[in-house]
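Report on the structure
Listed below are the residues making up each chain.
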Amino acid sequence: MASSSSSAAMRELQRELETKANDLSKLQKGKLSTHALILALTLQSSNISKNHQVRKKYTIQLGENELVLKEDANVFKLIGPVLVKQDLAEANANVRKRIDYISAELKRLDATLQDLEEKQNSKKEAVFKLQQKIQALQPGKAKA
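Attention here is on the structure that accompanies the text. Every residue gets a number counted from 1 within its own chain, in the order that chain's sequence is written. With pLDDT at 70 or above as the cut-off, local features in this predicted model cover only qualifying residues; side-chain atom pairs require 80 or more to be listed or tallied, and sums for whole chains, interfaces and linings still use all residues. The basis for every side-chain value is the complete set of non-hydrogen atoms in the structure, without hydrogens or water.

Here we take up the nonpolar core. Inside soluble globular proteins, nonpolar side chains tend to come together where they are buried. By nonpolar core we mean a set of buried residues, namely Ala, Val, Leu, Ile, Met, Phe, Trp, Tyr and Cys, connected to one another through side-chain atoms within 4.5 Å. Partly exposed residues are those whose accessible area sits between 20% and 50% of the maximum for their type, while under 20% is buried and over 50% is exposed, using a 1.4 Å probe and protein chains only. Within the largest apolar cluster, seven residues are counted, these being Tyr58, Leu62, Val95, Ile99, Ile102, Leu106 and Leu109. For helices the rule is a DSSP run of H or I covering at least 4 residues; for strands it is a run of E covering at least 2, with both sets numbered from the N terminus onward. When contributions to this core are tallied by element, the ones reaching two or more residues are helix H1 (2–70) and helix H2 (88–137). Broken down by element, the residue count for this core peaks at five residues, all from H2. For leucine 106, the contacting residues outside a window of four places in its chain are Arg55, Tyr58, Thr59 and Leu62. Any pair of residues with heavy atoms lying within 4.5 Å of one another is described as a contacting pair.

Attention now moves to the side chain of glutamine 120. Here glutamine 120 lies in helix H2. Once you skip the residues sitting within four places of it in the chain, glutamine 120 turns out to touch Leu41, Gln44, Ser45 and Ile48.

Now for the pattern of salt bridges. For this analysis, a salt bridge means a side-chain nitrogen from Lys or Arg found within 4 Å of a carboxyl oxygen belonging to Asp or Glu. Considering all chains together, one arrives at three salt bridges under this definition. A salt bridge links glutamate 105 to arginine 108, with the shortest nitrogen-to-oxygen separation between them at 3.0 Å. You can see glutamate 105 and its partner arginine 108 sitting in helix H2, three residues apart, about one turn around the helix. Between aspartate 115 and lysine 119 there is a salt bridge whose closest N-O contact spans 3.5 Å. Note that aspartate 115 and lysine 119 are positioned in helix H2 at a spacing of four residues, about one turn of the helix. For aspartate 115, a relative accessible area of 35% puts it in the partly exposed group. The class for lysine 119 is partly exposed, based on a relative accessible area of 40%.

Let's shift gears to a nonpolar patch on the surface. Among the surface-exposed residues, Phe76, Leu78 and Leu83 lie close enough to one another that they form a single nonpolar patch of about 340 Å² accessible area. Secondary-structure assignment places leucine 78 in strand S1 (residues 75–79). Two distance rules govern patches: like charges are joined within 9 Å, and nonpolar side chains (Val, Leu, Ile, Met, Phe, Trp, Tyr) within 5 Å, applied only to residues with over 30% relative accessible area and no salt bridge. Each accessible area value is a Shrake-Rupley result obtained with a 1.4 Å probe; residue values ignore everything except the protein chains displayed when judging cover.

What follows concerns the environment of arginine 98. Here arginine 98 shows up in helix H2. With a relative accessible area of 41%, arginine 98 lands in the partly exposed category. Counting along the chain gives 36 residues from arginine 98 to leucine 62, while the straight-line C-alpha distance between them is 8.2 Å. Under the rule applied, a polar contact is a pair of N or O atoms within 3.5 Å (in protein, one hydrogen donor and one hydrogen acceptor; residues adjacent in sequence only if both atoms are side-chain atoms). Only 2.8 Å separates the side chain of arginine 98 from the side chain of asparagine 65, close enough to count as a polar contact.

Here's what the structure looks like:
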C-alpha cells in the first residue's frame, strides 16, 4: 500500500511538473512573440516617419510650384552653362505638369500613410493583448 500511495504521489508531482513546464513554455513563446511584435512596431514607426518626411518635401515643392504659376516674370531655362529665356506659356505648362505629378504623389503617400498607421495600431493592440496574456500566465501575480 505504501508503494501505491507513493507512486500516486509521484504521478501527481509529474503532472504538476508538466503543467508548470507547459506554462513556462507558453510564457517564453509569448515573450518571443512580444519581442517580434515590438520589433515590427518599431519598423512600422520608422516607415511612417520616413513617409511623413517625403510628404513634407512634396508639400513644400507643391507650394513653390504654385507660387511660380502666380508670378508673371521672365523665365529662364538652364541649358548647359547658359540660361536661355523660355516662353512663359511653355514654362507654365511644365509647372502645371509638375503640380499634377506632385499632387498625385501626395495622394499616394496619404493612402500609404493611412495604411501604415492602421497596421501600426493593429500591432499595438496585438502587443497589448499579448502582454495581458503573459501577465495572466505568470505565476504569483494578480490577473489584470
